[in-house]
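Architecture and fold: a report
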Amino acid sequence: MNNDSLTPPLLPPATLGMLGGGQLGRFFVAAAHEMGYRVWVLDPDPHSPAGRIADRHLCADYNDAAALAVIAEGCAAVTTEFENVPAATLDHLARFVPVRPSASAVGVCQNRILEKSFLAEHGLPHGEFAVIRNEMDLADVPDTLFPAILKVARFGYDGKGQSTVADRGEALAAFRQCSGEACVLEKRLTLDCEVSVVLARDQAGTVRAFPVAENRHRAGILDVSLVPARVAPALAEEAVALAGQIAEKLAYVGVMAVEFFVVDGRLRVNEMAPRPHNSGHYTLDACVASQYEQQVRALCGLPLESGAVHSAAAMVNVLGDLWFAHDTASAQEPDWGQLFAVPALKLHLYGKHQARRGRKMGHFTALAPLEDAEGALHAALSARTAIGIG
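Note that the structure is a prediction, hence the values are computed from the model and not measured.

Description of the side chain of Glu271
Among the secondary structure elements, Glu271 is positioned in strand β14 (residues 266-273). The exposure class assigned to Glu271 is buried, which follows from its relative accessible area of 18%. Here the side chain of Glu271 touches Arg112 through a polar contact of 3.0 Å, side chain to side chain. Once you skip the residues sitting within four places of it in the chain, Glu271 turns out to touch Arg112, Glu115, Lys151, Ala257, Val258 and Glu259.

Here you go:
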């Protein structure tokens, strides 16, 4: 039985299920609570940030039959904050309760081979790539694909599972380190910049997109996002349109993000994320409704908000490295007073149990009048330096 229908909309105080207990799930729980819903979180981490504030935390694996039975029995609808939740788990739960986004949509986004093939099949702009399942596949790759980036097809994020390779020999060595995992080899592109679109889509196909964000990464992890992006209006409109096309072709219901490379003034789809996104954190402070409120609305069949922005915003990720800035051997709480002293700056800490280098521990967003994106960026980068982010 397929229960993917909600007529009339699901209203408070219904109980919603969240698969995944990280910071994205935590923000969802907070948004749902503010709207009057209850939330149960399924996550195997006993210290999960979302689980700590949820009405109930089921500490179990995503394929735990007993835990899934509890979710199916006690929740009116289910969503996810983590693309690596097994698609089979989503498919199983969809037999009992509405699950948004669907297992099929998440399945495309969580496998780079399926993702790249989806883009190619639908004529969406993307960079040159090759599927690598064995060493013979590498032998058939044209020399023009190098230099390239070898990425494992599954479970890679924030730069994990990726290797930059200059030639076929380096690619072969990197592939051998992947323990037989299928990979995608992507031609390395010279970028003008990187941008992303976060949008919400409901069951009727209505799409509400947030403004395009301009993103800067360090070591494969998002460092700074700026809104509005400093790109031509026509390119921003095209990015929103392409993201909408992707959501439509996936029959997507929920919040998703599409990351783009800008190469010689033209867009290339990099990745799709079937969930709220790090580059959409700015929506918490700069928009009429956050991406997390939109996620609740899409899940529950409520009318979507507009996605309108009222301020320029520059978001900076705060990684666990900051806790070791003064003592490389032991973690020390940073001096948050340096950030609280900055006008129109909003700090969000995720409540994670332990700081680790490279771990996302929080973020802050500097706000400015909508026409002053450069002012927001300057304030954010100055605060970034003051707090000690290198």
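Structural notes on the environment of Val165
Assignment of secondary structure puts Val165 in strand β7 (residues 162-165). We classify Val165 as buried; its relative accessible area is 2%. Put simply, Val165 and Asp140 are 25 residues apart on the chain and 16 Å apart in space, counted from C-alpha to C-alpha. Contacts of Val165, omitting those with residues within four sequence positions, involve Phe146, Pro147, Ala148, Glu170, Ala171, Ala174 and Leu185.

Overview of the sheet that holds strand β6 (residues 148-152)
Strand order across the open sheet formed by four strands is β5-β8-β6-β7, with antiparallel pairing between neighbours. With one partner strand each, in any of the chains shown, β5 (129-132) and β7 form the two edges of the open sheet. For this sheet, the mean inter-axis angle between neighbouring strands, taken without regard to orientation, is 20°. In this sheet, strand β8 (residues 183-187) lies alongside β5 in antiparallel orientation, the contact comprising four bridges. Within the sheet, the bridge partner assigned to Ala130 lies in β8 and is Leu185. Contacts between helix α6 (residues 112-121) and the sheet are confined to β5, β6, β7 and β8, with β8 contributing the most and set at about 50° to the helix.

What counts and what doesn't
Residues numbered from 1 in each chain as written. Predicted model: local features only at pLDDT ≥ 70, side-chain atom pairs only at ≥ 80, totals over all residues. Heavy atoms only, no water. Helix = DSSP H or I, 4+ residues; strand = E, 2+ residues; numbered from the N terminus. Buried < 20%, exposed > 50% of the residue type's maximum accessible area, 1.4 Å probe, protein only. Polar contact = N/O pair within 3.5 Å; in protein donor to acceptor, adjacent residues only side chain to side chain. Contact = heavy atoms within 4.5 Å. Pairing = 2+ DSSP bridges. Axes fitted to C-alpha atoms, helices over the stretch in contact; angles between N-to-C directions.

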